[in-house]
Amino acid sequence: MKIMHFKPLLLLMCLLFLGLSAFGQKATLKGKLTEAENSEGLPFANVVIEGTSNGTTTDMDGFYELPLDAGTYNIVYSYVGYDDLTKSVTVTAGEVKVMDITVGAQPELLEQVVVTANKAGTKVAESTISIAVVQPDLVENTNSTSIDQVVEKVPGVNIVDGQANIRGGSGYSYGAGSRVLLLVDDLPFLQGDAGFPNWRDIPVENINQIEVLKGAASALYGSSALNGIINVRTAYPTSDPVTKFTIFSTTYATPPLLDTCNNAAGCDPINRAWWGRNRDESPLASSDPLVAEAYMPIETGIQFAHRQKFGNFDLVLGGNLYLDNSFRKGEYNRKGRINANTRYRITDRFSVGVNANINAGNSRSFFLWENPYEGAFQPFTLGGSVNTTTKSKNIRYNIDPFLTYFDKFENRHKVLTRYYYVSNDNDNNQGNTSKLLYGEYQFQRSFEKLGNLGLVAGLVGTTTKSDSELFGNSKFNTSNIGAYFQVDKKFFEKLSVSAGMRVERNTINSPDSITVDITTKIENPSPQDKETKPVFRVGLNYQAAEYTFIRASWGQGYRYPTIAERYISTDVGPLAVRPNPSLQSETGWSSEIGISQGFQISSWQGFIDVSAFWTEYQDMMEFTFGGDNPMPGDLFFQSINVGDTRIPGAEISIMGKGDLFKVPTTLIAGYTYINPKFKYWETDTTGIANPSEQQLEGFRNFVNSSNPNNILKYRFKHTFKIDIQSTFFKKLDIGMSIQYATYMEAIDKFFEAVELFPGVELDLFGLKDYRSRNQNGTVLMDWRMAYHFSDNAKISFLVKNATNKTYTLRPALMEAPINFTVRGDFNF
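Thresholds applied
Residues numbered from 1 in each chain as written. Predicted model: local features only at pLDDT ≥ 70, side-chain atom pairs only at ≥ 80, totals over all residues. Heavy atoms only, no water. Helix = DSSP H or I, 4+ residues; strand = E, 2+ residues; numbered from the N terminus. Buried < 20%, exposed > 50% of the residue type's maximum accessible area, 1.4 Å probe, protein only. Contact = heavy atoms within 4.5 Å. Areas by Shrake-Rupley, 256 points an atom, 1.4 Å probe, with all protein chains shown as cover. Salt bridge = Lys/Arg side-chain N within 4 Å of Asp/Glu carboxyl O. Phe/Tyr/Trp six-rings, centres within 6.5 Å; stacked < 30°, edge-to-face > 60°. Pairing = 2+ DSSP bridges. Axes fitted to C-alpha atoms, helices over the stretch in contact; angles between N-to-C directions.

Asks: Please set out the overall build of the chain residue by residue, giving values where relevant.
Replies: Per the secondary structure count, the chain includes nine helices and 48 strands. In the chain, which comprises 828 residues, the proportion classed as buried is 53%. Within the chain, contacts between residues at least 6 apart in sequence are counted, and of these 65% link residues at least 24 apart. Accessible area for the chain stands at about 35,700 Å²; split by element, carbon and sulfur atoms hold 58% of it.

If you want it as structure tokens, here you go:
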């Protein structure tokens, strides 16, 4: 009977226990965050309880899971570049509630996301430094067969014979050294021994976007980022497989005749096109080996890309076959490339992958014209015995293993590696081989208790081995190790602050003696050279209104000489390039203040960006004729420290996209002004008893320049660019590009006046006469039209240099006359 009295008590205790258990049990809110346009999961998005720092992030496929106490909450879903979305949810204890969320992309260009500014991802509008973004449509629409062809459409960017120049920070360096760092998927892509970008190795058929950062970025990216960064980000698969195939062909018309007659009787204009003089002669049967090898001018190619997901495995394939029989006599390029990107998601927090790219082919490059008249498209031959072309067989490949891991504290750990092999088997004793190994560990964390202060830090190491004819058949080893960090913080939801630094140590091991020419060697003053440099940067961005952003930045830059700049020893026709083992590193800084203003016309949205900038370099490195002390009869170039320079300037650009009065239209345009000068300039030292080092430096700069006025060589003071395209009737695309550059006011004096003997100068290449005739700058116009037969088939017709201008960007190298391209794009 007594036991019966305990039954109610036991029942009450059980109920109380179950109630307490339920009260203490968490609810779970989970689901998937996807993008509205393509239903693709958004990785690493924030899912946060409104008004708190409590939340989580989505995994690599966009899934999230958030534990909650019982109650009602406002949940904020946010992802950089997309509209924030707030949802109210009520959960009970122990409940598992599924809430899938779809977010729509912000249409404004200012909301585009870039990773180059801080390696973590930020909006263009909130960046503290100027960044331009090129979308893959522009690559396709303009038939850019190489990345440099589309990058040069960005305001403030010029490409001179393969060398990138941002806002006048670089001139022409004869294929060695670069102040603009080229990245592919955040990894350096400059040749290890020469610091030269191989633009055609980059898969143009598989581009996600191209980010161009203008200004010193050495604090995050180290040496070679002294003048800016071009970061090519390749595409990964989406939820639907993508297969693309492209074929194109380009033919060249003859350039306009050159009239030098001045109305003289019996004088005929000069035909500069070697391929248009005797149309009855077959180039295959020609006795001229340069004509026989080049055939007729034509450029053609095919390329494909395939992107697909297989469960947790992502696969990207691409390839390209390219043939260019150049309009320059004897020059050709025949290449084949295959690339593959892979990524496997082991868990929702851990992924690994390997990217690979191989490019092989043969080519002949053209260095100097014979003259600007009938020989404008023919190589300089020095009486027919020596020509200035170089024949080459190339193989280049890179293999890039990587991994990304998120720990339980939401810290991101990233390991990036690259092996980059380059072999150029050139004639004229100019072959070179280099092997580069790069590794980087990157750590990212957001400190919620510090108001979401973002930290990016990392360790970097690079080694390069080179064994090349180009460097006197000697072996060279270089190494670079560095550590960096950057912090980003937003105050009052308006002011973004960014600050960072990097410490870098460079080492080069070289022979005790350096080859100057076939018969001469000199002692190497620094066989084992070591140097350590710290660099710093800071930037601010203030949102003054809804679509108004004001920014200011200052950053230091640093660049250590490449193997090629210090130790190259070769000959190109009558010219020689000589080593300078005493060459020192260059440093500098750049500052900028700018404002971006968003606007809308009809359904067309865009922004205007206005900026003023100032850049200074100390001990700037440049290839200079005659080196430090040019003498009559010297026919060589050498990289030297030309001294201190400064480049102030201003830029205005505009970008827009959307429906302009119901017509879909995209626009990129801009004007850039620079005033590049040597800090020290001296026209005469004969009246100075004991000239200072600065005066001697200034006089050397004066002697080496073709211009008696102080201006840096190989720059354009004014440039203007515009590219616009509209779509009519949903089928017809019509677009055009215009580029204008003023006269290049200064080049190496040698190009205009070779001093063979004291007081005896010769215009050996006809450049002085050519430049005196062409001082009005260059306006180039391209037209294009495309017809969409369906969503999966498009045929394009393009005309480049539509007004058939004869012009040069680099002295003694004539650019293409008017040419016509037919292109087909097909999706499967």
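Now that the structure has been shown, we can carry on.
Asks: Go over the pattern of salt bridges with me, naming the residues and quoting the values.
Replies: Evaluated as defined, the whole model comprises 34 salt bridges. Across the salt bridge formed by Glu592 and Arg167, the nearest N and O atoms sit 3.2 Å from each other. Of this pair, Glu592 sits in strand S35 (residues 586-601) while Arg167 sits in the loop between strand S13 (163-166) and strand S14 (180-184), and the two are 425 residues apart along the sequence. Among the residues examined, Glu592 registers a relative accessible area of 7% and is labelled buried. A relative accessible area of 9% places Arg167 in the buried class. The network of salt bridges with shared partners includes Arg167, Lys214, Arg551, Glu592, Asp609 and Glu651.

Asks: Go over the packing of aromatic side chains with me, naming the residues and quoting the values.
Replies: Summed over the entire model, instances satisfying the criterion amount to 23 aromatic pairs. Centre to centre, the rings of Phe327 and Phe377 are 6.0 Å apart; their planes meet at 80 degrees, and the pair counts as edge-to-face. A residue pair is termed long-range when its members are at least 10 positions apart, and Phe327 in the loop between strand S20 (313-325) and strand S21 (332-347) and Phe377 in the loop between strand S22 (350-366) and strand S23 (389-406) qualify at 50 residues. Each member of the pair, Phe327 together with Phe377, is buried. For the pair Phe750 and Phe751, a centre-to-centre distance of 5.7 Å together with 45 degrees between the ring planes defines the contact as tilted. For Phe750, a relative accessible area of 1% translates into the label buried.

Asks: Could you give an account of the sheet that holds strand S3 (residues 55-57), with specific residues and numbers?
Replies: Strand order in the open sheet formed by four strands is S3-S2-S5-S6, and the pairing between neighbours is antiparallel. Of all strands in the sheet, those bounded by a partner on one side alone are S3 and strand S6 (85-91). For this sheet, the mean inter-axis angle between neighbouring strands, taken without regard to orientation, is 20 degrees. Sheet analysis places strand S2 (residues 46-49) next to strand S5 (residues 71-78), joined by four bridges and oriented antiparallel. What sits directly across from Val48, in S5, is Val76.

Asks: Provide a residue-level description of the pairing of strand S44 (residues 778-790), including the pertinent values.
Replies: Where strand S41 (residues 732-741) and S44 come together, ten bridges link them in antiparallel fashion. Bridged to Ser737 within S44 is Asp782. Two elements, S44 and strand S45 (residues 793-800), share seven bridges in a ladder whose sense is antiparallel. Bridge pairing in S45 links Trp783 to Val799.

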